[in-house]
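Secondary and tertiary structure notes
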Amino acid sequence: MLRVLTSSFAALWMAASSFAQDTEGSRAHGQLNPGAVTDLDGVMTTEWTVTRAEGMDAILLIGAAGGDIMQADIYPGEIAWVREHVSADGLAAIDAIDRRLRQEIGVLSGPSMAYFFSAHDVATIEDVIASARDPRGRLMPGLMTSPHWDADRFEAAVQLMPTILTAFEALRDAGFSAWYAQNFAAAVEAGIATNLAAVSPYDLIPEQANLLGRELDPQIEILIANFSQPYGIRIMGQRFIAYQEWEPAIQLRVAAHEIFHPPFDIHDGELADLLGALEADPWMVSIVEDHDPAFGYNTFRGVINEGSTQALDQIVADRLGFARDPVQRWRHADGGMHLFAAAAYHAMVEDGFADTGGHYGDWLKSALERGLLSPEDTRRRAAEIVGWDTVNQWGPDRVAD
């Protein structure tokens, strides 16, 4: 499962993406096979960059030190170092950031700040400090290119910048750069070398562009970090943050998935009308309303967006030789809720779209018009992938766990 983090904070700071659970699931499926099918036409289009950024790790460490519950058991020593070496004013600022972002707004501080600051350089902590001092000059031009840009919300986010600046300056003054270089830089560099060698043979971009029916930027950047666990994080553009010890298969699957979001025009009224029967179906209503809300995807549109994206990334992974077993994937991911993904995948393969490509949004509307994804057919197709037991755990007569 690749989880997009959406909340009121996403509207304020643009849209960070986090996919914590998929890292564990992907790890269980083993290593990449560089000898598998890669660029199918013999011409490499995708331009992979794998790099490090001390400044981004500083951002993520502040998020962890502020009180991120999922990171507390992963980085106890590192958090203790911050608490022992950063000034009182700096610690107060770190705690204030956590109160505002994680406790009041309910989002992940580190990943969310990572997106915001990725609009400019993050190579060093001095780069991040410069952006915190001048967010309008350094960050706003990049953020304005985001589809999530909102001027009023940006101004609201800027109000927290003095506090963030205090935290960064205090971390710098505590000797962060020397501590980071001595303890973590070598492992990060090793992760860079391992990941670059592993992902470089895989030509993702043409496969994705063929299924979306539009051109894509050929560049994909993976930023290897030390303080990103347990999260995979999408930042601005086709750029992702990954922990330095994770298997390269995780980074490849993250890129294969996230670049598809959203795979159709979310404002397409015709598509919304065609999806009306499925949206009203009691079985689909159960999926939307009865799954664990902590997984996300708490709206029908979110379920269809994520399901479409999972189906498309499965097709790319099938073609390029790094696919997970679709049966196991959709039977277990997020409690077996992604059954539209299984059905859409089944329909695209059967209908030939998986081979020919085209414009996914147009294909989806055509499939709905032709009845390929009616409520009944969606259930049938999903069952052919995952079995009826998984399909029947949803619906008005479901038995809660």
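Residues numbered from 1 in each chain as written. Predicted model: local features only at pLDDT ≥ 70, side-chain atom pairs only at ≥ 80, totals over all residues. Heavy atoms only, no water.

What follows covers the overall build of the chain. Looking only at helices and strands, the chain has 26 helices and 5 strands in total. When burial is assessed residue by residue, the chain has 58% of its 401 residues classed as buried. Residue pairs at least 24 apart in sequence account for 75% of intrachain contacts in the chain once pairs closer than 6 positions are excluded. Entry remark: accessible area of the chain is about 15800 Å², with carbon and sulfur atoms responsible for 50%. (Helix = DSSP H or I, 4+ residues; strand = E, 2+ residues; numbered from the N terminus. Buried < 20%, exposed > 50% of the residue type's maximum accessible area, 1.4 Å probe, protein only. Contact = heavy atoms within 4.5 Å. Areas by Shrake-Rupley, 256 points an atom, 1.4 Å probe, with all protein chains shown as cover.)

What follows is about the packing of helix 7 (residues 109-117) against helix 12 (residues 161-173). Between helix 7 and helix 12, whose axes approach to 14 Å, the crossing angle comes to 100 degrees. When the interaxial angle is binned, helix 7 and helix 12 end up roughly perpendicular. Every residue of helix 12 that contacts helix 7 at Met113, Phe116 and Phe117 is listed here: Met161, Ile164 and Phe168. Residue classes in the contact of helix 7 with helix 12 are distributed as 6 nonpolar, no polar and no charged. (Axes fitted to C-alpha atoms, helices over the stretch in contact; angles between N-to-C directions. Parallel < 35°, antiparallel > 145°, perpendicular 65-115°, else oblique. Nonpolar A, V, L, I, M, F, W, Y, C, P; charged D, E, K, R; others polar.)

This part is about the confidence of the model for the chain. With 89% of its residues at a pLDDT of at least 70, the chain reaches an overall mean of 89. Of the regions scoring below 50 in pLDDT, residues 1-16 engages in 73 contacts with residues more than four places distant in sequence or in other chains. Across residues 20-30 the pLDDT falls below 50, and counting only partners more than four positions away or on other chains, this stretch makes 22 contacts in the model. (pLDDT = per-residue confidence, 0-100.)

A full pass over the atoms with the stated rule returns 19 aromatic pairs. Look at tryptophan 81 and tryptophan 179: their rings are 4.0 Å apart centre to centre, the planes differ by 5 degrees, and that puts the pair in the stacked class. Of this pair, tryptophan 81 sits in helix 5 (residues 76-85) while tryptophan 179 is found in helix 13 (residues 176-183), placing the two residues 98 residues apart along the sequence. Here the aromatic rings of tryptophan 330 and tyrosine 345 are separated by 5.5 Å at their centres, their planes lie at 55 degrees, and the arrangement is tilted. Residue tryptophan 330 is located in helix 21 (residues 326-332), and its partner tyrosine 345 is located in helix 22 (residues 339-351); the two are separated by 15 residues in the primary sequence. Three or more aromatic residues link up through ring pairs in this structure, and these residues are Tyr75, Trp81, Phe176, Trp179, Tyr180, Phe184 and Phe227. (Phe/Tyr/Trp six-rings, centres within 6.5 Å; stacked < 30°, edge-to-face > 60°.)

Residue glutamine 229 is joined to proline 230 through a cis peptide bond whose omega torsion reads 0 degrees. By the secondary structure assignment, proline 230 is in the loop between strand 3 (219-225) and strand 4 (233-235). The omega torsion of the bond from histidine 261 to proline 262 falls at -20 degrees, within 30 degrees of zero and hence cis. Note that proline 262 resides in the loop between helix 16 (248-258) and helix 17 (269-274). In this structure, tyrosine 297 takes a positive phi of about 55 degrees despite not being glycine. The topology assignment puts tyrosine 297 in the loop between helix 19 (282-290) and helix 20 (300-320). Owing to a relative accessible area of 9%, tyrosine 297 belongs among the buried residues under this scheme. Unusually for a residue other than glycine, aspartate 334 sits at a positive phi of about 50 degrees. Relative to the helices and strands, aspartate 334 is located in the loop between helix 21 and helix 22. For aspartate 334, a relative accessible area of 7% translates into the label buried.

Another point: helix 5. Every buried residue of helix 5 is listed here: Glu78, Ile79, Trp81 and Val82. Seen from one end, helix 5 has its buried residues packed into an arc of 150 degrees, which puts them on one side. Those residues of helix 5 that are buried lie in contact with helix 3 (54-67), helix 4 (69-72), helix 6 (88-105), helix 12 and helix 13. (Arc of directions from axis to C-beta.)

Attention now goes to the pattern of salt bridges. Considering all chains together, one arrives at 20 salt bridges under this definition. One network of salt bridges, in which partners are shared, links Glu350, Asp377, Arg380, Arg381 and Glu384. (Salt bridge = Lys/Arg side-chain N within 4 Å of Asp/Glu carboxyl O.)

The next point concerns the side chain of glutamine 244. Turning to its location among the elements, glutamine 244 is positioned in the loop between strand 5 (239-243) and helix 16. Here tyrosine 243 takes part through its side chain, which lies 3.4 Å from a polar atom of the side chain of glutamine 244. Residues in contact with glutamine 244, not counting those within four places in the same chain, are Ala187, Val188, Gly191, Ile224, Ala225 and Asn226. (Polar contact = N/O pair within 3.5 Å; in protein donor to acceptor, adjacent residues only side chain to side chain.)

Bringing the environment of glutamine 314 into the picture now. Relative to the elements of secondary structure, glutamine 314 occurs in helix 20. The buried category is assigned to glutamine 314, whose relative accessible area is 1%. Taking the C-alpha atoms as reference, glutamine 314 lies 8.4 Å from histidine 257; in sequence the two are 57 residues apart. When sequence neighbours within four positions are dropped, the list of residues in contact with glutamine 314 reads Ala323, Arg324, Pro326, Arg329, Trp330 and Tyr345.

On to helix 22, then. Over its 13 residues, helix 22 runs 18 Å from end to end, which matches the ideal 18 Å to within 8%, given 1.5 Å per residue. Taken across its 13 residues, helix 22 has 10 buried, putting it largely inside the fold. Among the residues of helix 22, those classed as buried are Leu339, Phe340, Ala341, Ala342, Ala343, Ala344, Tyr345, His346, Ala347 and Met348. (Expected span 1.5 Å × (residues − 1).)

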